[in-house]
Amino acid sequence: MKFTFNWLKTHLDTDASLSEITEKLTAIGLELEGIENPADAIRPFRVAQILEAGPHPNADKLQLLKVADGSAEPWQVVCGAPNARAGLKGVFAPPGTYVPGLDFTLKAAKIRDVESFGMMCAEDELGIGESHDGIIELPDDAPVGQSYADYAGLDDPVIEVSVTPDRADCMGVRGIARDLAAAGMGTLRPLAEVYGMVSLTPIVGDGSLPNIAIADHEGCPAFFAQNITGVTNGAAPNWMAKRLTAIGQNPISMLVDITNYVSVDLGRPLHVYDRAKLTGTLTARKAAAGEEVLALNGKTYALTDTMTVIADAAQVHDIGGVMGGEHSGVAETTTDVLIECAYFDPASIARTGQALQLTSDARQRFERGVDPAFLDDGLAIATHLVLTHCGGVASDVRREGVAPVEQPTFAYDPALCASQGGIEVPADEQRRILNALGFTATADWQVTPPTWRRDVLFVQDIVGDIVRMVGLDKLPSAPLPRVPGVAKPTATPIQLIERKARRAAAACGLNEAVNWSFLPQKDAEAFGGGDWSLANPISEDLKVMRPSLLAGLLSAAKRNRSRGAQSIRLFEIGRRYFKSADGSSDERLTLGIVLTGEKTPRDWQAGKSTNFTPFDIKGDVMAICDAIGLDAAKLMTLGDAGEHFHPGQSATLRQGPQKVVAAFGALHPVTAKAFGLKGAVMAAEIYLDAVPAKRTASPIRAAYAPPSLQSVTRDFAFVVDASLAAGDLLRAVAGADKANIVAARLFDRFTGEGVGQGKQSLAIEITLQPTEKSYTDDDLAAISAKVVAAAAKLGGELRA
């Protein structure tokens, strides 16, 4: 929600400074998003007068000017504006001025061999309008040398606040002013006074009535309207145009600008129809399936029979409460208008806007719930503005339907402010705050919220409003009671696994990334496609729920490579999204890893740089598996890591043949290319949801008891089939005598002459640990025999 400081002060009589107001806004729950003063950008521009204007000696369409801006000497300026002439007063930018509309800083320059210092400016060059027909022309009494920002009254800071969905009343400047007044920042001016009206009573017309009706009382409970005949649709007055421009709305015409202004000022959307373009009765009804409407944004929307529209006998003219149509929009030639002021059901508006993927200022207000009791007042203000600025004769007001204005009444106890809000506020002060906010509080504290506060549903909401106005910073700090003893752990088993995985990944030298859970469709297709697509995505590039964490990590790797990163080591912990067998959503906690680029940079010792290999990613996966409670040495290494991995350079880790706990290896070149990555890319996913959530009997570690006897190592070389995985042989050897063998590792692999075709030699070192006595030769021979026998079961033979 945007508004200017001076705009706010039309409703709020206050002496508070801008900083005091903005601090109070955040304190009362209207969080400050930002402050911008448009005058700051154009403060260096000065009011100046053209003293002389003559032809440029080397260009027919240029003039040579002498410009006075209050400096000691006039400036020589080359100008191409058709309206530049001697005696004209305009806006001058001296050398060194940054011109926001052109995005450059002025310097002295030669134009067609003639020196030029500064420039006379048009509106678009200052960024205050779109006109570029000529330079700005100011009145003859404009003071030469004064800052144009000060002369034009542009020194009016724009304030932007974040309004929560429940505070529909603060979608208008007056609602924000009301909250500030209740918080003690000033006095709320009477609304009739703000608009220069004697009272807010409906304007009595010539006795005629608009031709309107309601056929959809559920979607549009109330429809008020008033005709005005003989209007002149010119430009909006300067004060209104400046305020709309300041908040980013382009002034269009008087009639349109009035509706936009009232919507922002009072949170009351309106619509104006050109009566010459209407046929028969204007009716609020449900759309017929297949009907279409060309909206004011230039797009055509197909409607359904669940949507409320405003239509005449010929066609649909308005998506009720969302956006008007072009068919009946007002133009410069419009002379007879109908002003619509209706109440639309918030839920219906929200469903319609979501279905059409259409957002507008009107929808934002109607779906939050505008004040249903403000129909007559809103129509009276709009009619007053049209009659004042466009002339014409008004009809009487026609009212169809009844708006839901009933509000609940609560039995309130002022003591609740201390017991539930945590702050002592005198009862008289509580009553003052409630009255200032528009609540009605009887002598026995029967409290009724105003019609514009549809968010007050419980007594606690009243307490919240009082505390908010007093100030949350006034709440005393009180520690919660502490239960004696050591607090019980609150982390779930899966949370503990996630913590261990994150620490282990960081210990491996990986950098954590946090990516969106949404992906573009093409990124999801690289991993088999996503099962879940969003009906109302943030954007088309964030439409599919990710089936793999690798998609986001690969995109992050590409961004890092594009910015010069040579070595990329990323990991992320998050959820993948699938459909279960019954069609419901399924989320699976996963750790993803991507390695690409240089593993080690080139240096004087090693020479060339080295890149990551599948064994690097395997090492990281094994380390993380060990850290989260999976004994990596006991996991089975099998293939079939997935189509997005490189066949022969990837594998899975499994607990048994079926339960996959991790997939890792080199990414398939086609997948890497889809994400714009060149060279080898290593990737892995560890499925944390597959990790058993084991509970130990005691969190205390066992006492450290180092062995009293020296360990013994023995080397074996086995000739096995080339297709046999070394991990399978290691597990078989390590399990040959678990009482004595404490470790087994591969230290050499050889193929070629002397081994045989289709064979490989795997050299394994085993570590033996005696416990009660040192090994004898017979003991070692017996253990060695068990090792050889275990290898023989896999077809292994001792190498000669």
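Residues numbered from 1 in each chain as written. Predicted model: local features only at pLDDT ≥ 70, side-chain atom pairs only at ≥ 80, totals over all residues. Heavy atoms only, no water.

Participant: Any details on the pattern of salt bridges? Residues and values, ideally.
Facilitator: Side-chain pairs of opposite charge can arise whenever the charged atoms involved come near each other. By the definition in use, this model includes 33 salt bridges. The salt bridge involving Asp 473 is made with Lys 474; its shortest N-O contact spans 3.7 Å. Residue Asp 473 is classed as exposed on the basis of its relative accessible area of 60%. Overall, the relative accessible area of 48% leaves Lys 474 in the partly exposed class. Of the charged contacts in the structure, one is a salt bridge between Lys 786 and Asp 737, with a shortest N-O distance of 3.4 Å. Residue Lys 786 is located in helix 22 (residues 777–792), and its partner Asp 737 is located in the loop between helix 21 (726–734) and strand 40 (741–750); the two are separated by 49 residues in the primary sequence. (Salt bridge = Lys/Arg side-chain N within 4 Å of Asp/Glu carboxyl O. Buried < 20%, exposed > 50% of the residue type's maximum accessible area, 1.4 Å probe, protein only. Helix = DSSP H or I, 4+ residues; strand = E, 2+ residues; numbered from the N terminus.)

Participant: Tell me about the pairing of strand 21 (residues 308–311), and name the residues and values.
Facilitator: Side chains Thr 308 and Ile 310 of strand 21 all project onto a buried face; the interleaved residues Val 309 and Ala 311 project onto the opposite face, where all are buried too. The pairing of strand 18 (residues 282–286) with strand 21 spans 4 bridges and is antiparallel. Bridge pairing in strand 21 links Lys 286 to Thr 308. When strand 21 meets strand 22 (residues 316–319), the two strands line up antiparallel, connected through 3 bridges. For Ile 310, the partnering residue across the bridge sits in strand 22 and is Asp 318. Counting the residues that bridge the hairpin from strand 21 to strand 22 gives 4 residues. (Pairing = 2+ DSSP bridges.)

Participant: Run through the packing of aromatic side chains, naming residues and quoting values.
Facilitator: If you walk through the whole model with that rule in mind, you get 8 aromatic pairs. Arranged with centres 6.0 Å apart and planes meeting at 50°, the rings of Phe 527 and Phe 675 form a pair that is tilted. Within this pair, whereas Phe 527 is found in the loop between helix 17 (521–525) and strand 31 (544–545), its partner Phe 675 is found in the loop between helix 20 (669–674) and strand 38 (681–687), the two being separated by 148 residues in sequence. These aromatic residues form a ring-pair network of at least three members: Trp 7, Trp 239 and Tyr 261. The ring of Phe 224 has Arg 399 sitting right over it, with the charged end atom 5.8 Å from the ring centre. (Phe/Tyr/Trp six-rings, centres within 6.5 Å; stacked < 30°, edge-to-face > 60°. Lys NZ or Arg CZ within 6 Å of the ring centre and 35° of its normal.)

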